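Spelled out from the first residue to the last, the chains are:
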Amino acid sequence: MDEVVRLWSVRRRYGAVTALDDVTIGFGAGTFTAIMGPSGSGKSTLLQCAAGLDRPDAGRVEVAGVTLTGLSEGRLTRLRRERIGFVFQAFNLLPTLTAEQNVGLPLRLAGRRPDRATVRRALADVGLAGRERHRPGALSGGQQQRVAIARALVTEPAVLFADEPTGALDRATGHEVLGMLRRLVDTAGQTLIMVTHDPVAAGYADRVVFLADGRVAGRLDRPTPEQVAAWLAAPTAATGPDPAGRGAQGLGGVGHGVDVAGGAAC
Ligand SMILES: Nc1ncnc2c1ncn2[C@@H]1O[C@H](COP(=O)(O)OP(=O)(O)OP(=O)(O)O)[C@@H](O)[C@H]1O
Ligand SMILES: [Mg+2]
């Protein structure tokens, strides 16, 4: 399967803290990966390095066939605008702009005139037809996050990153957003990489990658919330072959690189 995002031996240090330590990982096209791990384990740093929002100190990052390492700021910014979508926990919408103005923003920044039909379709795709003229303050949290997702998708990015996208939402609203993200993968073939602390949210993904101390510590394919919770409670207990054949894998003897590009059926 084609990989949309790949990291080779990526390291990121902040002063004395090693946030990412020799991470090698790939993400297949049209797959949904959840990244989990304790607070401070490097999840956001991984997303930011993979999305070109942060620069690794060592190693290589490739997105949609382009090596980010060594790109000028200008080229990196252009690549981010055109090929990469990013959704934050806190929505990050501009409060003075309407939903459709927020969604049109990446097109404006890319020097394109936002085509109203494109913007409206992006909003309709996230279930917000009829809300185009609402400002963020007049929308619920779930609706605001949907606007943020429409904004991230309006440029048809090769990959959508989401850092705890349901972290600020109540449970029911969070599930609506997760169901929508899942449908994007299933129906539009969107590649999606999401950080979450919630085993139930991780259960929407095709696979979970666990980080610990800046390293990939294991993975689960086709995870159930129960398996994820069990892994988080006792990571080493999941290292053996899984009798249910659901693909629990620790990486004890394999080093800390892992390939998660094996497709939804792996
Ligand atoms: N800009 C920064 N300056 C200094 N240290 C940083 C910076 N960003 C991250 N770190 C450190 O790097 C480590 C990894 O941080 P990161 O934000 O990636 O963790 P995380 O897994 O996303 O945690 P959380 O679940 O709390 O969001 C932490 O020790 C953090 O303090
Ligand atoms: Mg984080």
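In the nomenclature of an unreviewed UniProt entry, the chain is known as ABC transporter ATP-binding protein of Virgisporangium aliadipatigenens.

Undergrad: Looking at this structure, how should I read the overall build of the chain?
TA: Within the chain, the regular secondary structure consists of 8 helices and 12 strands. Residue burial in the chain is summarised as follows: out of 266 residues, 44% are buried. Once local pairs closer than 6 in sequence are excluded, the contacts in the chain between residues at least 24 apart make up 68%.

Undergrad: I'm lost on helix α6 (residues 171-188) in this one. Help?
TA: Structurally, the α-helix is built with 3.6 residues per turn, so residues lying three or four positions apart point the same way. In this model, α6 (18 residues) spans 25 Å end to end at C-alpha, consistent with the 26 Å of a helix rising 1.5 Å per residue. Within α6, burial applies to G174, V177, L178 and L181. One side of α6 carries all its buried residues, which in axial view fall inside an arc of 100°. Exposed side chains of α6 directed beyond 90 degrees from the buried face belong to A172, G179, D186 and T187. Lining the buried residues of α6 we find α5 (141-153), β8 (191-195) and α7 (199-202). Remark: G189 follows α6 within two positions and exhibits a positive phi of approximately 70°.

Undergrad: Would you explain the site of ligand 1 in this entry?
TA: Within the structure, ligand 1 sits among Y14, V17, A19, G37, S39, G40, S41, G42, K43, S44 and T45. Secondary structure elements with two or more residues in the shell around ligand 1: β2 (17-28) and α1 (43-50). By residue number, the principal contributor to the shell around ligand 1 is α1, which donates 3 residues. Of the residues that constitute the shell around ligand 1, the class distribution is 3 nonpolar, 7 polar and 1 charged.

Undergrad: Honestly, the nonpolar core in this entry has me stumped. Any pointers?
TA: Side chains of nonpolar character tend, in soluble globular proteins, to be buried together. Residues I35, A50, A150, F161, I193 and V208 are the most contacted members of the largest nonpolar core, which totals 65 residues. Per element, the largest residue contribution to this core is 6 residues, and it comes from α5.

Undergrad: Looking at this model, I keep getting lost on the environment of S44. Mind explaining?
TA: Considering the arrangement of structural elements, one finds S44 in helix α1. What makes S44 buried here is the crowd of 20 C-beta atoms within 10 Å. In sequence terms S44 and A162 are 118 residues apart; their C-alpha atoms lie 9.5 Å from each other. The contact partners of S44, leaving out residues within four places of it in the chain, are D163 and V195.

Undergrad: When you look at the pairing of strand β4 (residues 58-63) in this model, what are you seeing that I'm missing?
TA: Each regular strand carries side chains that alternate between the two faces of the sheet. Where strand β1 (residues 3-14) and β4 come together, 5 bridges link them in antiparallel fashion. Bridging from a neighbouring strand, L7 pairs with V61 of β4. Of the strand pairs in this sheet, β4 and strand β5 (residues 66-67) are connected by 2 bridges, and their pairing is antiparallel. What sits directly across from E62, in β5, is T67.

Undergrad: Can you walk me through the environment of V159 in this structure?
TA: Tracing the backbone shows V159 in strand β7 (residues 159-163). Look past the residues within four positions of V159 in its chain and what remains in contact with it is V4, V5, V63, I84, T191 and I193.

Definitions and cut-offs
Residues numbered from 1 in each chain as written. Chains lettered and ligands numbered in written order. Predicted model: local features only at pLDDT ≥ 70, side-chain atom pairs only at ≥ 80, totals over all residues. Helix = DSSP H or I, 4+ residues; strand = E, 2+ residues; numbered from the N terminus. Buried ≥ 20, exposed ≤ 12 C-beta atoms within 10 Å, placed from the backbone. Contact = placed C-beta atoms within 7 Å. Expected span 1.5 Å × (residues − 1). Arc of directions from axis to C-beta. Near = placed C-beta within 6 Å. Nonpolar A, V, L, I, M, F, W, Y, C, P; charged D, E, K, R; others polar. Core = buried A, V, L, I, M, F, W, Y, C linked by C-beta atoms within 7 Å. Pairing = 2+ DSSP bridges.

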